[in-house]
Amino acid sequence: MIVPDKDADGLSSGTILYRTLVLLGLKPDLIHVHLLSKGRTVHHEDERKAMAAASPEFIFVLDQGSRKSGPLIDGPHTGLVIDHHNATPEDFPEGSFFCTANKSPPVATSALLTFLLCEPLHDGVRDETDWLCVVGTHGDLGNTLKWEKPFPDMASTLKKYTKKALNDVVSYVNAPRRTATYDVSSAFDALLTAVHPKDVLKHSRLLTARQEVNSEVERCTHTAPKFSQDGKIAVFRIKSEAQVHPVIATRWAGHLQSKALEIVMVANEGYLPNKVNFSCRVPRCAKSRDPPVDIIQSLKDYASLKSVKNEDDDADTSLPSESEIPLLERLGDDFARGHVQASGGIVDVEQFEELM
């Protein structure tokens with residue numbers, strides 16, 4: 001069973017692994033790909049049950065984020081987590097093996113890690129999956145990445161397929177999971193059946209999804225930000241059934257400038273019922289700060305502050321008493337996940353308002 005994440009990095013790593021297993025002689029009907037439902041993680045009980053129903057002997061979890069948890073499924077299995085998100089040595093499912101590069105900058109993405117693990121296993125792996133490695137890595141690290149050591153030399157791959165085509169594939173593959181219909185399977189199928197990157201760019205559903213997402217990004221991106229009192233965080237609040245909050249956060253991170261600004265946050269109150277999905281990015285103006293901005297730690301620090309009631313606001317009864325569970329704990333395990341420079345989360349509306 002292959003359980004890839006929904007973005008270009010996750011889906012590319014899943015396709016690299018799938019193709020490697022086939023090259024090694026495993027029949028495709030013995031490979032099951034499990035794609036998560038909208039707003040779910042691999043640790044969600046419904047997902048665990050769905051995975052267990054297929055009775056997999058081997059489970060590969062790719063690019064899903066790193067979290068300490070119980071076993072991937074309750075039945076007997078061998079699990080391997082390949083990931084690059086911020087994690088401690090204990091942040092993996094019970095009983096599973098773990099491969100990460102998150103503490104070894106420059107951090108290799110999940111697609112790059114999967115490629116490096118699979119390439120020595122068969123002579124055909126590089127020929128069939130080198131472009132997928134580039135697509136997945138550019139998907140997370142951007143298309144201006146220089147393929148220098150310790151990263152592998154991909155000059156021949158970029159020349160053969162062209163950098164533009166590979167970067168276009170990133171955009172196309174990322175589009176379906178951002179739409180309201182969340183049809184991630186169309187993106188994975190496009191990658192798995194493609195002989196050449198240009199085959200992905202001819203996929204009609206991906207083209208339609210890209211147009212849908214671009215239209216929704218344009219609708220939501222002009223929201224005015226509100227700044228925290230210390231000026232370190234700019235918050236954009238939007239409502240959309242599409243997953244456009246990361247795109248808008250990245251876009252504004254390249255435009256907003258301030259000596260105090262450290263984090264751009266886009267909060268989407270329309271993606272999941274009764275939840276706020278938010279994405280955070282370090283703005284370009286803060287990229288060279290010393291010490292470097294750590295979004296995850298900053299969010300946790302804000303959530304750990306004591307709430308102070310405004311003396312003029314007698315009607316405010318929403319603030320918790322000191323006897324309650326601290327806000328950081330109530331925000332849950334889906335708060336401040338990801339990378340130190342590209343974090344996010346999914347939290348209840350009430351807790352998010354308290355954080356604000």
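Residues numbered from 1 in each chain as written. Predicted model: local features only at pLDDT ≥ 70, side-chain atom pairs only at ≥ 80, totals over all residues. Heavy atoms only, no water.

J.: Any chance you could break down the sheet that holds strand E2 (residues 58-62) for me, citing the residues and the numbers?
T.: Pairing within the open sheet is parallel, and its four strands lie in the order E1-E2-E3-E4. Because the sheet does not close on itself, it has two edges, and the strands there are strand E1 (2-4) and strand E4 (97-100). Each adjacent strand pair in this sheet contributes to an overall mean axis angle of 10°, direction not counted. The pairing of E2 with strand E3 (residues 78-83) spans five bridges and is classified as parallel. Note that in E3 the partner of Phe-60 across the bridge is Leu-80. Across the face of the sheet, helix H3 (residues 110-118) comes into contact with E2, E3 and E4 while running at roughly 125° to E3. (Pairing = 2+ DSSP bridges. Helix = DSSP H or I, 4+ residues; strand = E, 2+ residues; numbered from the N terminus. Axes fitted to C-alpha atoms, helices over the stretch in contact; angles between N-to-C directions. Contact = heavy atoms within 4.5 Å.)

J.: Describe the nonpolar core, listing the residues and the values that go with them.
T.: Counting residues in each nonpolar core, the largest one holds 47 residues, and the members touching the most others are Trp-131, Trp-147, Val-173, Leu-191 and Val-200. Elements represented by at least two residues in this core include exactly helix H1 (8-23), E2, H3, helix H4 (124-141), helix H5 (155-161), helix H6 (163-178) and helix H7 (184-193). Beyond its immediate sequence surroundings of up to four residues, Leu-191 is in contact with Leu-11, Ser-12, Thr-15, Arg-19, Trp-131, Leu-132, Val-169, Val-173 and Val-200. (Core = buried A, V, L, I, M, F, W, Y, C linked by side-chain atoms within 4.5 Å. Buried < 20%, exposed > 50% of the residue type's maximum accessible area, 1.4 Å probe, protein only.)

J.: Quick rundown of the packing of aromatic side chains? Include the residues and the values.
T.: Summed over the entire model, instances satisfying the criterion amount to six aromatic pairs. Taken together, a centroid distance of 5.5 Å and an interplanar angle of 35° make the contact between Phe-92 and Phe-98 tilted. With a centroid separation of 6.5 Å and an interplanar angle of 55°, the aromatic rings of Trp-131 and Tyr-161 are classed as tilted. Within this pair, whereas Trp-131 is found in helix H4, its partner Tyr-161 is found in helix H5, the two being separated by 30 residues in sequence. Taking relative accessible area as the criterion, Tyr-161 reaches 5% and is therefore assigned buried. In this structure an aromatic cluster arises from ring pairing among Phe-278, Phe-335 and Phe-352. Here Lys-38 stacks its cationic end above the ring of Tyr-271, 4.3 Å away from the centre of that ring. (Phe/Tyr/Trp six-rings, centres within 6.5 Å; stacked < 30°, edge-to-face > 60°. Lys NZ or Arg CZ within 6 Å of the ring centre and 35° of its normal.)

J.: Pulling in residues and values, what's your account of the side chain of Arg-177?
T.: Relative to the elements of secondary structure, Arg-177 occurs in helix H6. As a buried residue without a salt bridge, Arg-177 has its nearest oppositely charged side chain in Asp-7, at a separation of 4.5 Å. Within the structure, Arg-177 has its side chain in polar contact with the side chain of Asn-174 (distance 3.2 Å). Only 2.8 Å separates the side chain of Arg-177 from the side chain of Gln-243, close enough to count as a polar contact. Once residues within four sequence positions are removed from consideration, Arg-177 is found in contact with Lys-6, Asp-7, Tyr-182, Val-184, Gln-243 and Tyr-271. (Lys, Arg positive; Asp, Glu negative; His and termini not counted. Salt bridge = Lys/Arg side-chain N within 4 Å of Asp/Glu carboxyl O. Polar contact = N/O pair within 3.5 Å; in protein donor to acceptor, adjacent residues only side chain to side chain.)

J.: I'd like a description of the sheet that holds strand E6 (residues 233-238), backed by residues and values.
T.: Strand order in the open sheet formed by six strands is E5-E6-E7-E8-E10-E9, with mixed pairing between adjacent strands. The sheet is open, and its two edges are formed by strand E5 (226-227) and strand E9 (337-338), each paired on a single side.

J.: Describe the environment of Pro-197, listing the residues and the values that go with them.
T.: With respect to the helices, strands and loops of the structure, Pro-197 is situated in helix H8 (residues 197-201). As a C-alpha pair, Pro-197 and Ala-175 span 22 residues in sequence and 16 Å in three-dimensional space.

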